[in-house]
Structures are given as structure tokens and as C-alpha cells.
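# Coordinate analysis (summary)
The lines below spell out each chain.
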Amino acid sequence: MKTINLVVDDKTITVPEGTNIFQASLDNGIYIPGLCYHPKLSQFGGCRLCMVEVTERRTAHRFACAHPVSEGMIVKVNTPKVVRYRRSVMEYLLAHHELSCPTCDKAGECSLQDITHELMLSPSRFNAVRMNAPVVRDNPILELNRNRCVLCGRCVSACKEIEGVGAIDFQKRGIKTYVGTAFDKPLDCSFCGGCLAVCPTGSWQDRTLEFRGRPWEFKKTQTICPYCAVGCTIVLNTKSGSVRRVTSDDYIGINEGNLCIKGRFGHEFIHSAERLKTPLIKKDGAFHPSSWDDALEYISKRFQQIINEHGGKAIGGIGSEKCTNEDNYLFQKFCRSVLRTNTIDNLSNLRSPSLNSLMYESVIRGIASTSLKEIEHANTLFFFGTDMTEAHPVAGTMARKAIRMNNASLIIANIRTISFSGTAKNDIRLTYSFGSQIPFIHALIKIIIDEKLIDLKKAESSISNFHELPLAFDTFSVKEASQVTGISEEMMRTTARLLTKSGNCCIVCGRDVEEDPLSRDTIKALMNLCVLMNASSPDTGHSKASLLFSRSHNNSQGVNDMGVVPEFFPGYSTTSDVSNRENIEKQWGVKFSDDIFMRESKNIFELARNGALKGLYIMGENPLVSYPNGKEVLEAFQKTGFIVVQDVFLTETAQLADVVLPTVTFAEKEGTFTNMGMTVQRLNKIIQPSGVDAKPDWQIICEFAKKMGYSYSYASPKDILSEIESVVPIYSGINYDRLKRKEFYWASSVSGSRNKSAKYLLNIVQPESLEIKQNKDFPFVLLTGVSLNHQGTFSRYSNALVSVSPECFAEMNRKDAQKMNIHDGDAVVIESSQNKVTLKAKVTGKSPEGIVFVSEDYEWIPINLVRTGVYTPVKIYKETGQI
Amino acid sequence: MILPLLKGLILTIKRFFNPNAVVTQQYPEERPKLPSRFRGLPELQIGKDGRERCIACGLCAKVCPSKCITVEGATDKITQRRYPKVYELDAFRCIFCGFCEEACPVRAVILRDTFELSTYQNKNIFDKKQLLDLTKKRKISF
Amino acid sequence: MNTTNEKSIQGEAIDLSKVEKAVEKYKNVKGALIPILQMVQAEIGYLPAPAIDLISERLNISASEIVGVATFYAQFHLVPRGQHIIKVCCGTACHVKGAKKIAEKLSKTLDVSLGMTTKDKVFTLEEVACLGACSLAPVMMVDENVHGKLASDTVADVIKEIKESGFSQ
């Protein structure tokens, strides 16, 4: 890129061509006052404060944010004339301003206040005209005070450009202009708080803060968000040991200061009164508080007894998608070496059992995305079976950035219609019929080969079994696929052409694909597609297409990396391999008995249901409501004699436990999380747990091991991570202290070591599609998904999130609803063969006919108790009584 | 020689019996008369509505050189008014400088003539209620 | 929004098929929001909220943005307007000649405040800056007809005249 030299305030700086003076100065540490310019947003030029003196061919006054730099330009920021101009602009702004700084939460970090101070403005020459507009408090999270607004337009741009919602805009004109919604309706948006983050004055306020602190009193510490798998960096603002609000920093983390509602407003659970305060032991059906020593003594005695009577195999362990890598590493080490069982698992693996091995395979073969940032750099985005807006809102923001900056094409394919705000130039939204994902991918592959959209010769030379491909696709016809999937041939051809367009392509494989019964074959088909697209790309060492596997929770990736699965030791080395086993034995200094690694075909809940498990150790999970078949889990728990649960709250699962151990939240512990882009990021301990006698999970496991007669000499997660560094090959080179400054990308270090000349391999699968068993009694299929506003246990204890979306809806197709005379808001019963639940109906055009969609993340709605598997046949009828 | 002595003695006796010339104050029976600018304990003022005037802006806590003021703001759920949920003043640390009074944008803190601050405990923290009670006794509101 | 008839805030039925037609006409045209709004207003007379919601859904532009555009331009109206638009001139000449009194008289006669529409949806009373007929001051314009040299007692007659003759318009 061409660079340009210019002089700003006697300092020579070099910036890329096309930069404006404001950004150039900002990047080089020269301050120009301004209210409307924001590096993340498009320029607006509304505040008129950034006037500078510019000498190009002649000397003139220009607005820094709207004037591009040119070679040899001389800029003077503070000439007397410029300052005089700025002062009068500020005088006009302040003539309207409310000047309620003492009661404004922005005071102290308010740009308007700072500039007033800096320009040393004394009382204005104008008569102050106050607007006295009423403060808009129509939602529980954001407050809009128009008296403080300077009409800089930042919130309007942020809402439109970053979040893609456009919930607010300028209304009316001239002196009457204000920022608001259509017809002044209550704010109906995703509540990302982007408006709040960019507002230079106190117009937008965080109502969860409620005046509980002033900006200068807060200690700001960055950490990682505990909700979804994007792993945004959030900044916790604490005062006297309690978290008061969450802010973001535009310059740190992968999210660039963008957050979603959960990240920004879902922090109240940290100080919830309902947190577990002491260890609880169940006696005669009721919980009794106990001391840590007694509880651990009791557990170790009971577990020892089980080991003595039935052997370690009779104990099962469930690791956590929400706990840190260190907690999970220690958990599996403890289970394997102390309890001597390999019956350990985590919910991510239980829900999509084929994902781990295929994910690792794609990393090794260099077709997996090595970072979430690849979304931002993509030229084509293909969201397959994922609901970005609901599941990974900030990844959606990255996609919008790609659309804005790279003019990226967007292809979204799903069973339901997905609302993704933001429109690309080439914007394709597809809905394939239920269960037909493999024919769809195969049709794309077929079209690519038939239309020679890639260089077939090159592909032949770089793919070792390319000759198998035409054979496998001989009988496959796109026309038939079009019938099966319900997508027109034309559409599929356009999609294939867009995918193979030059530039990077990022394919996001979503939850709907990963948890499907056909997930193994679908992912393989997707990998084939990637291989084909990469094979013909110029050999620059950078793959053209990359596959990003979405994960649901903050550390769903890490828990699998750490080997809390029966098939793998940490770092995806198979447990069935004797050499891996010996290696781990040497590292840990233990000796595994041979029988514990016998491969079981049943998963942990099935084993428990069959009575094979006598004890269960659950760390930070609530499988009763988060496993697709809640009834099976319930039966499993009832069959298991002794259950220990470690959690922050008394969840449904914890209520069934015999001993409950209180643990700390993300704000109160150290460690690392790995996001779905395989980026390891560090969280910081920010506060001490107050009012609760809780301990971090790793510490509990250490003390537990001590009671069992083993000594774990870890002083902090740092020690555990350095052990992980030496034991887990994919994490080699990670450094706890360095993580504080820079995240660690394990996938890029693994695929970076890959042999570049190695040939790709296709994994041909049959294009089968899933048949829905037509059932007379249960004519509907229950499909579940995620929700933007809720996730896991934490969100239900965050008042702001609950008050924004207090209710879970059953989304059903308009035609189905019409047939049954169901209207929006009617109470409907969803009944399966094993349970039923009453919900309010939401009639939309989103779900296809015959499918009812319910979000899984409202934990207090036991939808998973209704489910019998991934897709559950259900019947729906109108509730006759009142809810 | 004796004359000057007597002269002096007369003055002494005059003073001795004159009640108007006594300078010793009979504290605590007699309250001292304090100068109008005397700076005693910072007191929280009461507004017209009978509530504290304080809006919990935290400027007094910020400006306090001895860091003796703790303010915790909160929102009144009904009126949406900002008020101090906690307002504590550590009288042991207070140096009666009056900066808080100067910083207060709503004249909610005024240093009046409360100076009897001795206590039998080893802490001397005035909470919001105590600081308001001092004003209530005076029956001033504005 | 699939039913063709939606109730507006005012409670009357709005024919959304006209909106559909307008959206359909400019389906693949970029920057077609203002022509669509103009067409809808020409058909319905104003821009009702359901129409805006429908346009927002079809064009994938948020309702706030559309209302933002509609409130920016003086040509768009978000509330129903009367059959006859009365524009009272408040320019300098008319002001001197007592336009204020005319406006007051009108609002009293029609029982409507400035900028509003009468209950029977016949008249909308508006204030304008200058009609360019200063020689006739004080002046008002009813639809396309200019009435000059008014006095506060002749105003009522003009209204009466329109009421009697103009219902067929």
C-alpha cells in the first residue's frame, strides 16, 4: 500500500494513502478534539470540532475527519484561529446541553466534558436554552437522554454499521432533530450496547449501573467473556471488590470493542444472592451446609469405597464447557490417574460425538480456520447451519465488517430462515429442507466439477484420490438434489460460483450440522468442498477456503483440547494407542490399568442408565437441562448411587446431587479459555469471592486429590498451564505470562508445521439424507437452537438479561398455526412421547412447515426433558387453561 | 509605694466581682460561641422534599484529601432520582478542610459547628442517617 | 403482515395492497425509498405505520430509517391529512396585516389547532412562511386557490363557501 508523509504539529508522520487527517493523528498520538469521528465507524462530519489548519498548495481550514492526507501536507492543530473557532462551536453545543454532570454517569469519561475543560470555556455568551426532553426509559437496559445529545451520529452509525440493526436514526430535521426509533416506539434491537460504547456524551446510559459508581472510582481490568465461544475481551469495572459494569476496549481483544447483550449487560450473576455459599451435603433428602474439609472428606471416602468395591471404572466424570483449560486438564488428570476411570466426557462431545476427530483432522490438513479473524478477512462467507446472530453475535459483527470492508459475499444456508442483519452485495439466503444437508453440499461439489469452476488439472495433481471423485458423483444429479433440498438448481449454481470466486472463503459449520445424526458425513462433505476449493488455489501457503467449526460455550473448544473425552488424551492423542498411553504415564508418573481404556460404545449417560456407574463427578455442568434427552439424564442420575456436583448455582443437576461444592465465577479466577477459533486467551482474577465460601475448580480438585492420597503441587493455574505446555503437543509454546499481552493460536502453530507439499485427500461419503419418521401421533418435529439473550446458567441469574427476554417462545410456521387456529402469544403445549411443556407461540415465517422451533437456552423451560434426541417428534395443541 | 499596689488590687477586686468580665466559659454547661466560619463536622443537608439533598455525585469523595468519605450511589426505582445509598464519613480521618463543601454542586454538604466528636470506640464513622440527623435537629431545610 | 388490511393507529382500515404495488414496482431499483414513499403517499394520502413496517420488511431497511427519511422531508406526512389544505401565510407583509388574527379565527371556526386536521378529515390547517402574494395580504391558500385581502370576519364565509361547493372535489 502506498504511504504518505505529512507533518502534523511539527511531527513528520507516515500513514497509508486514503487515511484522513484525524485518523492519521490519532494513530501517531496527536490529539485533535472531536466528538463525531470514531475509528470503527464511517465518517460523519457533524460535530465541526476537528477543524485544523491545512497547508497543501495553499493554507486553508479543513475538518480533519473529512479530509484525506496528501503528500507533503502540513497540518497545524492548535492555531489561535482554529481554537477560537472550536470554542465557539463548543459554546453552541453547550447552549443546549443539560449540564447535569453531577448526576450523569458519563462525567469523568465524557468527551464533551473533556473538551470543555481543555478549551477552558467560561460561561457562555449565549442564553442557555434547555430542551427538557423527557428521558426515554422504555427498556430495562438502555436509557436515552436527549438533553445530553450532541447529534454526533455515532450511535446511529454503530447501530447500522456494526450491529446491522438500524434501530435508531435521526428523526425530523433542523433544530428539531433527535435520535430515536420509528414513531418513538420502545427500542426493539439486539441490545448490544454499541450505542452506549460509542456515545461521546451521556445520552446513552447503562441502566444496569444504576449510579453505583463513578468512572474515576472504577478499577478496569480486562478478561474474557464467559458466555459464547467467540471469546470477546471485556473490561470489568470494579469498585470496592464488586463488579459494577462491563465496558469494552476498541484496541484489545478479537472483538475490537464490540460486544453483545450478554457480554455487556449479563454480569449481575457474579453478585447474585442465590449463589452457593458453602459446600452442601444431602442427608435424608435435604441439603445441609458443611465445611470444606468435611465435604471433601465425605466425598473421598465415598469414592474410595466405590473404587474398592467396583473399581474406578464405576465412576464417571463430566467436565465443563464453561471452566478454564486448567480446570479441565486437572479434572481429566484427576479422573484418569486418581479415580482410575476413563469414563469421562463433556457435553460438547456428548452432543456432537464426531466433531472432535474431524475438527482435528481438518486442522492437521490445513483446512480449518486458525482464528476467528478469518471471518473478517474473508471475501466469501458461507454460514452453513448456524444462526450467527443468536449463537455468536460478535462473529456476526465480524462478518458485517467483512461485508463492509472487503465487499464480501454472503451465503447463509439453514433449515430455518435465519435473520442476519446486514446485507451484502451478493447476498444469498437459502433454506434447505430438513435433513438434506449432504445432497446440498454434494450438489455444490458436482456443480464445481461440472462447470469447471476450479482448475481441475491442478486439483488432480494436488489431491491424491481425485480420481475417485467422478466415480462417486457419476450417478448424482443436481436436479434430484434440487428436489430433495428444495433449493432451485439456479440458486445452487449461483452459490457454487460465488464460493469459487477469487479471494478467501470462510465456511462456518454450525451447530445444526454438528449435532445432526448425519454430522459425521456432512462435515466430511464440507471438508471435501474445502479441499476442492483449496486444491486449485495458487500455492501461496495460505489456504483459500477455511472451515470454522462453531462451538457453543466459552470453553467448549478447550474442554475437548484438554482431553475430557474418552477417546482422547489432552491434545487429541487417542487413548486406544498404547504409545500415547505410555507417554502420558511417563509424564504423569502413574500406571494405568489396561482395562480402563476399553472402548465403550455407549456414552456416559447410557452407561449410568444401565447401572454401570456407581459414582458421578460433575464439574460445572447442568446436563439435566442441556443434554438433548433430559429424561435419560434423569434416569441415569437416579440409577447412580453417588453424585458430586461442582457449580456456582444450585442448578437442576446440583439439586439431584449428594454433595454440592461451590465454585467461583469467571471474575474470581484465573486461567485460560480457548475459543472456537482455537485461540487461547487468558482471564484475570479481578475480585475475591465475597460472601461465599467458594473455591476455584482447580483448587477443589487439588484438595480432593490430597484427600485421596495424591499430592498435586500446583500453586496457581500458571503451574498447570506450564504442565499443559509440556504434556499437550498442540499447546506447546504457550506461555502464561505472554498470554497477558497476546493470545495464542494453537491451530496455526499446528497447521503451520504441516508439510506444505502433502497432498489433500478426499473423504467421499454417500449423499444420503435424513428421513423424518412420519408419525401420526406426533406430526411435528421439535428443533432447538440457541438464543441471543440467554446462555447457560449464568444468564438466568442476570436480571438485565431476564428482563429483556423473560420468555421462551415456540416458533411455528404461519400455515401450521392457521390450521390449528393458533395466534401469536397463545399458550401451546408441546408434547412428546415422554414429556410436555407449555409455551407461548410465536407465529413466524421463519420455521418451515411441520417444524416447531424452541430455544434451548432458557434453562428454566425444561425443553430438553421433552426431547428424546436431536430431532424429537412432538404434537402441538392449544393450551385450554391459562398459563 | 503602697498606692500603686492598692490601685492594682482595686482593679483585681473589681474584676473579681464583676460578672461581665469573666472570660472562662463554663463548658459544657455553657455552649461556646463559635465564629461563623467555623468548620465542624461535614453535615448532610435536607432538601425541600424532606430527603437528603445529596445526589451521590462522588465529588466530595474525590476531592477529600484524607479520603474519609465513602459514597455509594443508587437509583430510586420510583422517581429515578439518584441518591446516596451509603454515605459514610470517617471522623477520625477528617481534617475539616471543607473541600467537600466547596466541591458539592448542590450544597448538600456543609461544615457546621459540630465539634464534639469524642467516642469510646476505636472507630468513629458517621453514616448517612447520623449525618442527616445532625441537620434534622437544627430544623433547617432548603 | 400478510393480511392485506391492517388497522392504522387512527383505527381505519388501510389497503396495504397499494403499498405492495409500490414496492413491487421498484423491486430491483437501488435508492428507491423516496419514490416508493411518494407513491404510497399519493395513493393513501399519508404514510401510515403499517405501510412503513411493510416497506421496511420488503426493502430490508429499518423502520427507524424510513421514518427518519419521511420526517426529514416536508413532503411526507405521517398523520392523515384533510381533503382541503388551508395554508395561512405568516410572511412579513401578512403578519403586519394581521395574519395571526386570521389564523386564530380559522382555528376557532374549524375547531382545530394549527398544523392539525379537523375531526371530519375535511380541512388541514397549516402555517406557511410566504405565499408570494404580499400585495393581497393577508392571504391564505386553500388547495390551489389563493384568497387575498382577508379580514377575520370574511374568513368564515370563505370556509362556508368551500364547504358548500367543494365536497365534490
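Residues numbered from 1 in each chain as written. Chains lettered and ligands numbered in written order. Predicted model: local features only at pLDDT ≥ 70, side-chain atom pairs only at ≥ 80, totals over all residues.

For chain A, the count of helices and strands is 33 helices and 35 strands. Taken against the 2.2 N^0.38 rule, which gives 29 Å for 883 residues, the C-alpha radius of gyration of chain A at 29 Å falls within 12% of a compact globule. C-alpha extents for chain A along the principal axes are approximately 90 × 70 × 65 Å. The buried share of chain A, taken over its 883 residues, is 56%. (Helix = DSSP H or I, 4+ residues; strand = E, 2+ residues; numbered from the N terminus. Rg over C-alpha atoms; globule rule 2.2 N^0.38 Å. Buried ≥ 20, exposed ≤ 12 C-beta atoms within 10 Å, placed from the backbone.)

A common way to state how big an interface is: give the accessible area lost once the parts meet. Facing 12 residues of chain C, the contacting portion of chain A comprises 13 residues. Listing elements by their share of the side of chain C that touches chain A, those giving two or more residues are helix 3 (49-59) and helix 4 (63-72) of chain C. Sort the elements by how many residues they give to the side of chain C that touches chain A and helix 4 of chain C lands first, with eight residues. Taken together, the residues of the side of chain C that touches chain A sort by class into six nonpolar, five polar and one charged. (Contact = placed C-beta atoms within 7 Å. Nonpolar A, V, L, I, M, F, W, Y, C, P; charged D, E, K, R; others polar.)

A few words now on the UniProt feature "domain: 4Fe-4S His(Cys)3-ligated-type" (unreviewed entry) in chain A. Per the UniProt record, "domain: 4Fe-4S His(Cys)3-ligated-type" (unreviewed entry) is annotated on residues 81-120 of chain A. In the segment residues 81-120 of chain A, helix accounts for 60% and strand for 0%; the C-alpha atoms at its two ends are 15 Å apart. (UniProt positions renumbered as here; feature names shortened; annotations may be inferred.)

As a further point, take the environment of Gly312(A). Residue and element names in this part refer to chain A. Note that Gly312 resides in the loop between helix 7 (292-310) and strand 15 (315-318). Note on Gly312: 22 C-beta atoms within 10 Å, which makes it buried. Aside from chain neighbours lying at most four places away, what touches Gly312 is Ile307, Leu339, Arg340, Thr341 and Ile596.

With that settled, the discussion passes to the domain arrangement of chain A. All names here are of chain A. By the assigned domains, chain A splits into domain 1 (3-78), domain 2 (103-271), domain 3 (280-352 + 555-646 + 655-663 + 694-735), domain 4 (367-542) and domain 5 (780-878). A separation of 33 Å is found between the C-alpha centroids of domain 2 and domain 5. Listed as interface residues are 17 residues of domain 2 and, on the opposing side, 12 residues of domain 5. (Domains from an automatic or database assignment.)

Going from Tyr27(B) to Pro28(B), the amide bond is cis rather than trans, its omega being 5°. Tracing the chain through its elements places Pro28(B) in the loop between helix 1 (2-17) and strand 1 (42-44). Looking along the chain, the bond that leaves Ala137(C) and enters Pro138(C) is cis, with omega of -5°. Positive phi, normally seen in glycine, also occurs at Phe183(A), with a value near 55°.

A few words on the UniProt feature "binding site: [4Fe-4S] cluster 1" (unreviewed entry) in chain B. UniProt's entry tags Cys54(B), Cys57(B), Cys60(B) and Cys104(B) with the feature "binding site: [4Fe-4S] cluster 1" (unreviewed entry), counted in the numbering of this structure. Look at the named residues: they lie 51 residues apart in sequence, but the longest C-alpha span between them is just 10.4 Å, so in the fold they bunch up. Following the sequence through the fold, Cys57(B) ends up in the loop between strand 1 and helix 2 (59-63). When the 26 C-beta atoms within 10 Å are taken as the criterion, Cys57(B) is described as buried. Setting aside residues no more than four positions away along its own chain, Cys57(B) makes contact with Pro102(A), Thr103(A) and Pro105(B). In this fold, Cys104(B) is placed in the loop between helix 3 (99-103) and strand 4 (109-111).

As a further point, take the packing of helix 6 (residues 99-110) of chain C against helix 7 (residues 155-165) of chain C. All names here are of chain C. Where helix 6 contacts helix 7, the two axes come as close as 9 Å, and the packing angle between them is 45°. The pairing of helix 6 with helix 7 is recorded here as oblique in orientation. Of the two possible hands of crossing, helix 6 and helix 7 adopt the one that is right-handed. Together, Ile102, Lys105, Leu106, Thr109 and Leu110 of helix 6 and Val155, Ala156 and Ile159 of helix 7 make up the contact between the two elements. For the contact of helix 6 with helix 7, a count of residues per class yields six nonpolar, one polar and one charged. (Axes fitted to C-alpha atoms, helices over the stretch in contact; angles between N-to-C directions. Parallel < 35°, antiparallel > 145°, perpendicular 65-115°, else oblique. Left-handed = near helix turned anticlockwise from the far one by under 90°.)

The next point concerns the UniProt feature "binding site: [4Fe-4S] cluster 2" (unreviewed entry) in chain B. All names here are of chain B. UniProt records the feature "binding site: [4Fe-4S] cluster 2" (unreviewed entry) at Cys64, Cys94, Cys97 and Cys100, using the numbering of this structure. Of the residues just listed, which span 37 residues, no C-alpha pair is farther apart than 10.6 Å, and they cluster in one region. Assignment of secondary structure puts Cys94 in the loop between strand 3 (82-90) and helix 3. The exposure class assigned to Cys94 is buried, which follows from the 21 C-beta atoms found within 10 Å. If we skip the residues at most four places from it in the chain, Cys94 touches Ser66, Cys68 and Leu89. Classification of Cys100 by C-beta neighbours within 10 Å gives buried; the count is 24. In contact with Cys100, other than residues within four places in its own chain, are Pro42, Cys60, Val63, Cys64, Ile69 and Val109.

Next up on the list: helix 4 of chain C. With eight of its 10 residues buried, helix 4 of chain C lies for the most part within the structure. Looking at helix 4 of chain C, one finds that the buried residues are Ala63(C), Ser64(C), Glu65(C), Ile66(C), Val67(C), Gly68(C), Ala70(C) and Thr71(C). For helix 4 of chain C, the secondary structure elements touched by its buried residues are strand 7 (169-171) of chain A together with helix 2 (33-44) and helix 3 of chain C.

All names here are of chain C. Strand order in the open sheet formed by four strands is 4-3-5-6, and the pairing between neighbours is mixed. What marks the edges here is a single partner per strand, and that holds for strand 4 (123-128) and strand 6 (145-147). Shown here is a sheet whose adjacent strand axes are inclined to one another by a mean of 25°, direction ignored. As judged from the three bridges shared by strand 3 (residues 84-89) and strand 5 (residues 140-142), these two strands associate in the antiparallel manner. Looking at the pairing, Lys87 lines up with Met141 of strand 5. Strand contacts of helix 6: strand 3, strand 4 and strand 5, with the helix running at about 155° to strand 3, the strand carrying the most contacts. (Pairing = 2+ DSSP bridges.)

Another aspect to go through is the interface of chain B and chain A. The interface of chain B with chain A comprises 14 residues on the first partner and nine residues on the second. Of all the elements in the fold, those that place two or more residues in the side of chain B that touches chain A are helix 2 and strand 2 (69-75) of chain B. Tallying contributions element by element places strand 2 of chain B first for the side of chain B that touches chain A, with four residues. Class assignment for the residues of the side of chain B that touches chain A results in seven nonpolar, four polar and three charged.

Now for the sheet that holds strand 29 (residues 744-745) of chain A. All names here are of chain A. Pairing in this open sheet of three strands is antiparallel, and the strands run 27-28-29 from one edge to the other. The sheet terminates laterally at strand 27 (671-674) and strand 29, the two strands that pair on one side only. Inspection of the sheet shows strand 28 (residues 679-683) paired to strand 29 by two bridges, in the antiparallel sense. Bridged to Thr679 within strand 29 is Tyr745.

This part takes up the UniProt feature "domain: 4Fe-4S Mo/W bis-MGD-type" (unreviewed entry) in chain A. The UniProt record marks residues 218-274 of chain A with the feature "domain: 4Fe-4S Mo/W bis-MGD-type" (unreviewed entry), using the residue numbering of this structure. Between the end C-alpha atoms of residues 218-274 of chain A there is a gap of 25 Å, over a span that is 9% helix and 33% strand.

Among the two pairs of chains in contact, the pair with the most contacts is chains A and C. Structurally, chain B and chain C remain out of contact, their C-alpha atoms never closer than 27 Å.

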